[in-house]
Amino acid sequence: MPASGFDASYYAASAHSQPRFPPLQGAIQADVCIIGAGYTGLSAALHLAEKGHQVVVLEAAKVAQGASGRNGGQVCVGLNLSQSELEQQLGSEHARQLWNLSLEAVQLVKDLIARQHIDCDLKQGILHTAFKPSHVGRMQRETEHLQQAYGYDGVRFVPGDELHSMLGTDRYHGAQLFGEAVHLHPLNYALGLCAAAVQRGVRIFEDSRVLEYSNGYSPGSQTADGIRVQTPQGSVRAGALVLACNGYLGKLEPRIAGKIMPINNFIVATEPLDAGLAHSLIRDDVAVADSKFVVNYFRLTGDRRLLFGGGENYSSRFPADIPGFVRRHLLQVYPQLANTRIDYAWGGTLAITRNRMPFFRRLDNNLYVAQGYSGHGIALATLGGKLISDAISGSPQGFDTFARIPTAGFPGGTLLRWPALVAGMLYYQLRDRLS
Ligand SMILES: Cc1cc2nc3c(=O)[nH]c(=O)nc-3n(C[C@H](O)[C@H](O)[C@H](O)COP(=O)(O)OP(=O)(O)OC[C@H]3O[C@@H](n4cnc5c(N)ncnc54)[C@H](O)[C@@H]3O)c2cc1C
């Protein structure tokens, strides 16, 4: 997967100062070794350190320069599948547990921001808009279901005519307004988690790609003999290992690589807009995500740029012209921005699963994985890290609620999944274009 794109992002240009950490050199020990310094790894590190564990984080590149420092910044309520779909697939009790965890995830992000005093342009509200008239009824029914069956009053249905007074586009036909959802500067949020973890004694090493690990644990014994993790210039011996690599996992752990598919998604940020224009585009300063298969998502930044995500690819390269690639999606929603300058354009790699639900597993008893958030990772990866910390500390209930979700691998496993996936994705993109 391409690693480029971070430096071209609006987030890199508006980041709070970022501490640098040395590469790992020599042999060290820890209670827990974490691979990957995005939300999953940083949240796991912070929560483990708060419980008194000695933690080492190994990051192949730089802290939060994976998806966690590049994303759309929308902290969504709920999961990728609707509650009605989850009830059908998993039963109502499991579906309700997952719903409660999704609310806990959003609340955890808000609490961490408040508790750690993280300055990350936090704003309230997400509109989930219907891209086709045929999507409206489904949204209205799901809203009523959340209100009635779950007693949830943080969502309301917005009919088309009201929506047209909220957004400066007639592209959408109705919406769900999630008032408790938030949006934020994702990189500054991650850097805040990093600072809090370091303050509690977490040791972080950058430019320290994990090449391989070996596990002394054997299923017959109750205690782990330890895991040895190897980087180019050093090694860590630890009692437990956390894989927090998500879309950048590559071939590091073949047992789980085929459960996720890395995909690239792209974002632009315009020049700062004058207050009147910004207000006419998104009246209430909420974030917006639509119901297209390849979702368009947009919001205003702290300095009033329109940040617009749209378009994805499934190759090992980013498009040569990312501004042009995203701009055509932007102009379909806001043609009035045809003459507005685009100041930043970048891409990132996320991981999806086949059922679009996160993939949590415990391998070998002392090796934990949380990945495949399928575009809902700000809240769910933050929660995933905390649930791993809870599980390592003897309270596995939350982690196990996710780990019980059955997740099929992609057809073709790790080697042959691309052709089938690309064909499937292109089919659904085509359906987006047909009304
Ligand atoms: C363009 C884009 C838009 C998105 N928009 C949203 C959104 O609006 N809302 C939302 O909730 N989610 C969104 N997402 C998804 C969200 O960003 C991710 O789900 C989340 O950041 C995952 O966090 P993570 O810590 O698991 O992974 P990452 O942040 O990707 O971190 C994984 C880290 O592991 C490291 N790593 C990998 N292999 C190794 C190795 N062998 N050794 C050492 N380190 C290694 C990588 O370098 C990387 O830093 C978006 C993603 C993208 C790309």
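Just so it is clear, the structure is predicted and the values come from calculations on it, not from any experiment. (Residues numbered from 1 in each chain as written. Predicted model: local features only at pLDDT ≥ 70, side-chain atom pairs only at ≥ 80, totals over all residues. Heavy atoms only, no water.)

## Notes on the pairing of strand β4 (residues 123-129)
Step number 1: Of all seven residues that make up β4, five are buried, and the element is covered over most of its length.
Step number 2: In terms of strand pairing, β4 meets strand β6 (residues 174-183) through six bridges, oriented antiparallel. Bridging across to β6, Thr129 finds its partner in Ala175.
Step number 3: Alignment of β4 against strand β12 (residues 287-290), held across four bridges, turns out to be parallel. Bridged to His128 within β12 is Ala289. (Buried < 20%, exposed > 50% of the residue type's maximum accessible area, 1.4 Å probe, protein only. Helix = DSSP H or I, 4+ residues; strand = E, 2+ residues; numbered from the N terminus. Pairing = 2+ DSSP bridges.)

## Considerations on the nonpolar core
Step number 1: In terms of nonpolar packing, the biggest core is built from 81 residues, with Ile34, Val63, Tyr189 and Phe402 touching the most fellow members.
Step number 2: Ranked by residue count, the leading element in this core is helix α4 (residues 92-115), at ten residues.
Step number 3: When residues of this core are assigned to domains, at least three fall in each of domain 1 (6-70 + 188-260 + 355-425) and domain 2 (124-182 + 261-352).
Step number 4: Residue contacts for Ile34: discarding those within four places in its chain leaves Gly41, Ala44, Ala45, Leu48, Val55, Val56, Val57, Leu58, Val242 and Ala244. (Core = buried A, V, L, I, M, F, W, Y, C linked by side-chain atoms within 4.5 Å. Domains from an automatic or database assignment. Contact = heavy atoms within 4.5 Å.)

## Observations concerning the domain arrangement of the protein chain
Step number 1: Looking at the assigned domains, one finds that the protein chain contains domain 1 (6-70 + 188-260 + 355-425) and domain 2 (124-182 + 261-352).
Step number 2: Listed by partner, the interface residues are 23 residues for domain 1 and 24 residues for domain 2.
Step number 3: Buried area between domain 1 and domain 2, both sides added, is near 2000 Å², and the carbon and sulfur share of it is 68%.
Step number 4: Where domain 1 packs against domain 2, one counts zero salt bridges.
Step number 5: Inspection of the region where domain 1 meets domain 2 yields six residue pairs in polar contact (both at pLDDT 80 or more).
Step number 6: Counting only elements with at least two residues in the side of domain 1 that touches domain 2, the list comes to α1 (10-13) and α13 (417-433).
Step number 7: In terms of residue count, α13 provides more of the side of domain 1 that touches domain 2 than any other element does, five residues in total.
Step number 8: Looking at the side of domain 1 that touches domain 2 residue by residue, the class counts come to 13 nonpolar, six polar and four charged. (Buried area = accessible area lost by both parts, 1.4 Å probe. Salt bridge = Lys/Arg side-chain N within 4 Å of Asp/Glu carboxyl O. Polar contact = N/O pair within 3.5 Å; in protein donor to acceptor, adjacent residues only side chain to side chain. Nonpolar A, V, L, I, M, F, W, Y, C, P; charged D, E, K, R; others polar.)

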